[in-house]
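Residues per chain, in single letters:
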Amino acid sequence: MAKMMGPRFKLSRRLGLNVCGHPKAMKRAQRGSARSDKKLTEYGKQLLEKQRLRAYYGLLEKQFKNLFIEAQKAKGQTGPNLVSFLERRLDNLCYRLGFASSIRQARQMVLHGHILVNGKKVDIPSYRCDVSDEISLSRKGKKVELFKENFNTNFPVSYPYLSKNEDFKGKLVSLPNREDIPIEIEDQLIVEYYSKNM
């Protein structure tokens, strides 16, 4: 299965944004090392925002473009639709619920069958959850100390669209609103980028 590989910290420094969520990712960032530190054309700004959002969720270009096309066809504004679709991916929700310390780790958990959706094993990281879907650790997953430690450490961290309880379970209680999603991205620039490059 194709996935984004390569050094995460270097990518974060180049994009000028902590896209991997690690607290030390931007420690060695220097002025002038990021693309955003240079004078960019309008196209350059749009491309940079697209690359940032794609790197944040760990998607390849083809996956990202297909998701954008789907977001265009859905009701509402394309930009917020796109971010909402990305946020509802199973690997991302596992990360937000605190089962994993990064999206990469969450993706691996899903692929290895440690995650249940409504009591059934789902091993597809891109699976899109719906409102009222319950996400939980499998019996096998509950035996892994790392997952339990991650969950207990991150238990106080919460998002308005998610609820979680102490039994290693969480639920998507509503569709995520754009203002509730903690990413520093101007999605309108991505819409402008694809409107000229499709």
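The text that follows walks through the structure, step by step, so that each part is easy to find. All figures in this text were calculated on a predicted structure; none of them were measured in a lab. (Residues numbered from 1 in each chain as written. Predicted model: local features only at pLDDT ≥ 70, side-chain atom pairs only at ≥ 80, totals over all residues. Heavy atoms only, no water.)

Here we look at the pattern of salt bridges
Line of reasoning, step 1. With the rule as written, the count across this model stands at ten salt bridges.
Line of reasoning, step 2. The partner of D91 in a salt bridge is R89, and the shortest N-O contact between them spans 3.0 Å. Of the two residues, D91 and R89, both sit in the buried class.
Line of reasoning, step 3. Here the salt bridges share partners, and the residues they tie into one network are K50, R54 and E61. (Salt bridge = Lys/Arg side-chain N within 4 Å of Asp/Glu carboxyl O. Buried < 20%, exposed > 50% of the residue type's maximum accessible area, 1.4 Å probe, protein only.)

Things to note about the sheet that holds strand β3 (residues 134-137)
Line of reasoning, step 1. The strand order across the open sheet formed by five strands is β2-β1-β3-β5-β4, and the pairing between neighbours is antiparallel. In this open sheet, the two edge strands, each paired with only one partner strand, are β2 (120-121) and β4 (162-165).
Line of reasoning, step 2. The sheet contact formed by strand β1 (residues 115-117) and β3 spans three bridges and is antiparallel. By the bridge assignment for β3, L116 is matched with S136. (Pairing = 2+ DSSP bridges. Helix = DSSP H or I, 4+ residues; strand = E, 2+ residues; numbered from the N terminus.)

Quick look at the packing of aromatic side chains
Line of reasoning, step 1. Inspection of every chain in the model, using the stated rule, returns eight aromatic pairs.
Line of reasoning, step 2. When the centroid spacing of 6.2 Å and the interplanar angle of 35 degrees are considered together, the rings of F64 and Y194 count as tilted. Of the two residues, F64 sits in helix α3 (residues 61-73) while Y194 sits in helix α8 (residues 187-196), which places them 130 residues apart along the sequence. Assigned by exposure class, F64 and Y194 land together as buried.
Line of reasoning, step 3. Aromatic ring contacts, followed pair by pair, group Y43, F64, F68, Y193 and Y194 into a single cluster.
Line of reasoning, step 4. Looking at R128, its charged tip hangs above the ring of F85, at a distance of 4.1 Å from the centre.
Line of reasoning, step 5. Seen from the ring of F151, K164 lies directly overhead, with NZ or CZ sitting 5.9 Å from the centre. (Phe/Tyr/Trp six-rings, centres within 6.5 Å; stacked < 30°, edge-to-face > 60°. Lys NZ or Arg CZ within 6 Å of the ring centre and 35° of its normal.)

Quick word on the side chain of S136
Line of reasoning, step 1. Its place among the elements puts S136 in strand β3.
Line of reasoning, step 2. Accessibility expressed as a relative area gives 7% for S136, which makes it buried.
Line of reasoning, step 3. In this structure, S136 is in contact with F99, H114, I115, L116, F168 and K169, ignoring residues within four places of it in sequence. (Contact = heavy atoms within 4.5 Å.)

As for the packing of α3 against helix α4 (residues 78-87)
Line of reasoning, step 1. For the pair α3 and α4, the least separation of the axes is 8 Å and the interaxial angle reads 125 degrees. Classified by the interaxial angle, the pair formed by α3 and α4 is oblique. Relative to α4, the crossing made by α3 is right-handed. Contact residues: F64, L67, F68, E70, A71 and Q72 in α3; T78, N81, L82, F85 and L86 in α4.
Line of reasoning, step 2. Considering only residue class, the contact of α3 with α4 consists of seven nonpolar, three polar and one charged. (Axes fitted to C-alpha atoms, helices over the stretch in contact; angles between N-to-C directions. Parallel < 35°, antiparallel > 145°, perpendicular 65-115°, else oblique. Left-handed = near helix turned anticlockwise from the far one by under 90°. Nonpolar A, V, L, I, M, F, W, Y, C, P; charged D, E, K, R; others polar.)

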